[in-house]
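What follows is the residue order along each chain.
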Amino acid sequence: MEAQLELFIEKYGLPVVEIDANRNYWLVRTKAGEYFNEFYSGNYVAIGWNELNDFQKFRNKKKEDEIEKEIVKAYPRDQPGRIYGQIHRFLYEMQVGDIVMIPNENSKLIQFGIIEGEPELRTVTVTAIEEEGACPYFKKRKVRWIKSVRRDKLDSYLFRMMQSHLTISNANDYAHYIDRTLHSFFIKKDKAYLVLPVGKEGNTPAYDLVKFVAGIVDLVPEVNKLEEVSEEYKKEDLDLKINVQSRGFVEFFSNAPILVLGVGLFIFLFAGSKVELKNKSGKNKSFYYEGLLGRKFKDNLHELERKKEENIKNFEKNKAELPEEIINLLDKENRKE
């Protein structure tokens, strides 16, 4: 992340998330939901094929043919190439920091997590398996679960991903849809995104939706007035994707990250929060947006207030929500008071 962008985020305390462009995404099955609760409560994911627990044998893919002979002996009814591929993926393709998803029965709930541990063997007793229904799989990886999403609130673009029946499926083709499910305000590959959930059910009046989008785009001239903005942005620099089928979203993005972050800043400020800044003495001091934005706004507060009220009305009419990261920051600010 470039220095100017870092300073902008730090000054205004923006809750933007920077996503590693190299992270991968995986869907791990839970035997039709049978082991979903155990994976979740135990903070791990696991796979079977318990006769094949020598991790080192799977490290070198050049020896795949040799290992497949062992697989045939252990699991003669299964496809050895598929088993090899799934185990190798779990041990060596999945990496710490990757996103993993697990579905419960009928995929009514999807749990999202971050892989936090290298592969290891777990111990489970025969009694636990036979009498308590414990997961019998030996190979596991530690996971920190970060978000649960019900199927009826899942991004519609992720439904196709759920059709895969492999134990482990690479979900990198769905990376952006997963990113915007997990984050509403983020930067990835030098591009910034602001995702606003829209909860209006049924048909959305075109006029209300157009006003909502226009109200956000109309913040671009205000972003240009910020002291830290060194170039003149145009409204055309802000791109848009819309999906408002039942519960949907309006997604703003741009190759000019400060533009999107600036728009997010105004939405944050319009929500009525305070922002922590450090004054020259290094002490923290709270400012409302009238005092935060600098001299360029001194004679324009009336117009800014008008835009604030207009955006609040547009949010209400479309049942649009603030980005989750901003909601969390607002809650944090409120707890301080």
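Relevant structure appears above.
Residues numbered from 1 in each chain as written. Predicted model: local features only at pLDDT ≥ 70, side-chain atom pairs only at ≥ 80, totals over all residues. Heavy atoms only, no water.

(A) How the structure looks around the sheet that holds strand S1 (residues 17–18). With mixed pairing, the 5 strands of this open sheet are ordered in space as S1-S9-S10-S12-S11. Every other strand in the sheet has two partners, leaving S1 and strand S11 (239–243) as the edge strands with one partner each. Relative to strand S9 (residues 185–188), S1 runs parallel, the two being bridged by 2 bridges. The partner of Val17 across the bridge, within S9, is Phe186. (Pairing = 2+ DSSP bridges. Helix = DSSP H or I, 4+ residues; strand = E, 2+ residues; numbered from the N terminus.)

(B) A look at the pattern of salt bridges. In the structure shown here, the tally under the stated rule is 19 salt bridges. Glu310 is paired through a salt bridge with Lys211; the nearest N and O atoms lie 2.8 Å apart. One end of the pair, Glu310, is in helix H11 (residues 301–317); the other, Lys211, is in helix H7 (residues 206–217), and 99 residues separate them in sequence. Of the residues examined, Glu310 reaches a relative accessible area of 26% and is grouped as partly exposed. For the salt bridge of Glu222 with Lys307, the shortest nitrogen-to-oxygen distance reads 2.7 Å. Of the two residues, Glu222 sits in helix H8 (residues 220–224) while Lys307 sits in helix H11, which places them 85 residues apart along the sequence. (Salt bridge = Lys/Arg side-chain N within 4 Å of Asp/Glu carboxyl O. Buried < 20%, exposed > 50% of the residue type's maximum accessible area, 1.4 Å probe, protein only.)

(C) Structural context of the nonpolar core. With 46 residues, the main nonpolar core has Leu226, Phe252 and Leu261 as its most contacted residues. Looking at this core, the element that brings in the most residues is helix H9 (residues 257–270), giving 11 residues. In this view, Leu261 contacts Leu5, Phe8, Ile9, Leu14, Val16, Phe185, Ile187 and Ala192; residues no more than four positions away in its chain are not counted. With 31 residues, the next largest nonpolar core counts Ile87, Met94, Tyr137 and Trp145 among its residues. (Core = buried A, V, L, I, M, F, W, Y, C linked by side-chain atoms within 4.5 Å. Contact = heavy atoms within 4.5 Å.)

(D) Just H7, in detail. Taking 1.5 Å as the rise per residue, H7 with 12 residues should run 16 Å; its terminal C-alpha atoms sit 16 Å apart, in good agreement. Among the residues of H7, those classed as buried are Asp208, Leu209, Phe212, Val213, Gly215, Ile216 and Val217. Here the buried face of H7 lies against strand S10 (191–198), H8, S11, strand S12 (248–254), H9 and H11. (Expected span 1.5 Å × (residues − 1).)

(E) Summary view of the packing of aromatic side chains. Inspection of the entire model under this criterion finds 10 aromatic pairs. Aromatic pair Tyr35 and Phe39: ring centres 6.5 Å apart, planes at 40°, arrangement tilted. With respect to class, Tyr35 is no different from Phe39; both count as buried. Between Tyr193 and Phe253 the ring centres are 5.9 Å apart and the planes differ by 25°, which places this aromatic pair in the stacked class. Taken together, the residues span a long stretch of sequence, with Tyr193 in strand S10 and Phe253 in strand S12 at a distance of 60 residues. (Phe/Tyr/Trp six-rings, centres within 6.5 Å; stacked < 30°, edge-to-face > 60°.)

(F) Focus on a negative patch on the surface. On the surface, a cluster of negative charge is contributed by Glu2, Glu6, Glu10, Glu18, Asp20 and Asp190. Relative to the elements of secondary structure, Glu6 occurs in helix H1 (residues 3–12). (Patch = residues over 30% accessible without salt bridge, like charges linked within 9 Å, V, L, I, M, F, W, Y side chains within 5 Å. Areas by Shrake-Rupley, 256 points an atom, 1.4 Å probe, with all protein chains shown as cover. Lys, Arg positive; Asp, Glu negative; His and termini not counted. Charge placed at Lys NZ, Arg CZ, Asp CG, Glu CD.)

(G) Main features of the pairing of strand S4 (residues 99–103). Most of S4 is tucked away: 5 of the 5 residues are buried. Going residue by residue along S4, you find Ile99, Met101 and Pro103 tucked away on one face and Val100 and Ile102 tucked away on the opposite face as well. The pairing of strand S2 (residues 25–28) with S4 spans 3 bridges and is parallel. Note on S4: the bridge partner recorded for Leu27 is Met101. Direction of pairing for S4 relative to strand S5 (residues 109–115): antiparallel, over a ladder of 5 bridges. Across the sheet, the residue bridging to Ile99 is Ile114, located in S5. The turn joining S4 and S5, which pair antiparallel and follow one another in sequence, is formed by 5 residues; a positive phi near 60° is taken by Asn106.

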